[in-house]
Amino acid sequence: AMAAATSTAATAATSSARCAAVRLSRHCVFVLLSHAFATEHEEVMGLLLGAFDDDDTANVFGLSVLARVDKRPDRVEISAVQLAAAARKAEALGAQLRRPVSIVGWYHSHPHITVSPSHVDLRTQALQQQLDARFVGVIVSCFNHDTPRTTGNIELIAFQA
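Read on for an overview of the structure. (Residues numbered from 1 in each chain as written. Predicted model: local features only at pLDDT ≥ 70, side-chain atom pairs only at ≥ 80, totals over all residues. Heavy atoms only, no water.)

## A look at the overall build of the protein
- In terms of regular secondary structure, the protein is built from four helices and six strands.
- Out of the 161 residues belonging to the protein, those deemed buried represent 39%.
- Within the protein, contacts between residues at least 6 apart in sequence are counted, and of these 69% link residues at least 24 apart.
- With an accessible surface of roughly 8,900 Å², the protein has 59% of that area assigned to carbon and sulfur atoms. (Helix = DSSP H or I, 4+ residues; strand = E, 2+ residues; numbered from the N terminus. Buried < 20%, exposed > 50% of the residue type's maximum accessible area, 1.4 Å probe, protein only. Contact = heavy atoms within 4.5 Å. Areas by Shrake-Rupley, 256 points an atom, 1.4 Å probe, with all protein chains shown as cover.)

## Some details on the nonpolar core
- Formed by 16 residues in total, the largest nonpolar core has its most connected members in L32, L48, A58, V60, L63, V104 and Y107.
- Those elements that place two or more of their residues in this core are helix 2 (26-36), strand 2 (45-52), strand 3 (57-66), strand 4 (102-111) and strand 5 (136-146).
- Once you skip the residues sitting within four places of it in the chain, L48 turns out to touch L24, V60, G62, L63, S102, I103, V104, G105, W106, Y107, V136 and V138. (Core = buried A, V, L, I, M, F, W, Y, C linked by side-chain atoms within 4.5 Å.)

## Describing unusual backbone geometry
- The backbone of R98 sits at a positive phi, close to 60°, despite the residue not being glycine.
- Mapped onto the fold, R98 is located in the loop between helix 3 (80-97) and strand 4.
- Positioned with a positive phi, H112 is a non-glycine residue whose angle comes to about 70°.
- Along the polypeptide, H112 turns up in the loop between strand 4 and helix 4 (119-129).

## What about the environment of D53?
- Relative to the helices and strands, D53 resides in the loop between strand 2 and strand 3.
- Judged by its relative accessible area of 29%, D53 falls in the partly exposed class.
- Between the C-alpha atoms of D53 and C19, which are 34 residues apart in sequence, the distance is 9.8 Å.
- Those residues in contact with D53 that sit more than four places away from it in its chain are R23 and N59.
- Side chain to side chain, D53 and N59 meet in a polar contact 2.7 Å long. (Polar contact = N/O pair within 3.5 Å; in protein donor to acceptor, adjacent residues only side chain to side chain.)

## Section: the side chain of S109
- In this fold, S109 is placed in strand 4.
- Overall, S109 belongs to the buried group, its relative accessible area being 0%.
- At 2.9 Å, the side chain of S109 and the backbone nitrogen of V44 are in polar contact.

## Comments concerning empty space enclosed by the protein
- As enumerated under the stated definition, the model contains one cavity of 30 Å³ or more in all.
- Estimated volume of the largest cavity: approximately 40 Å³.
- E43, V44, M45, L66, A67, R68, V69, D70, R75, V76 and E77 are the residues that line the largest cavity.
- Tallied by class, the residues present in the lining of the largest cavity amount to six nonpolar, no polar and five charged. (1 Å grid on protein atoms, 1.4 Å probe; cavity = no way out; pocket = protein on both sides within 12 Å on 5 of 7 lines; lining within 4 Å. Points joined across faces, edges and corners; volume = space filled by probe spheres on them. Nonpolar A, V, L, I, M, F, W, Y, C, P; charged D, E, K, R; others polar.)

The quantities given are spatial measurements derived from coordinates; they are silent on function.
The following block contains the structure:
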């Protein structure tokens, strides 16, 4: 099983095509939104587990929800231990689904602010895309209120640098 994961990672690292689209399973959308709504005082982060189609569409059918490492409320960071655990989770999911599964991207929340990627988000994304140009970022903006209507808005976008 380890050889399959290494082979998948090597294949992904050689791709120069950008991600064409992102498909999130319903379960992943539910978990991602639940994670984002867990706190409105700081950003949350996780990794997207899935596979790329021949047309470079990211199909996400698993998440690795991460614990916060950075103490600043408007920053998210992943430790080497968390990354290794997510890679093992992707490998286990792949064995269960009988298909290659890898880390295809990351997600994080923007509580009380716009869904647009910040300069820090874009820099982080650009670093990841050096390893695989298809690697994708997802942002969920929550706890935003449209003052005239006083209703909450939820926005979700996928982005690349």
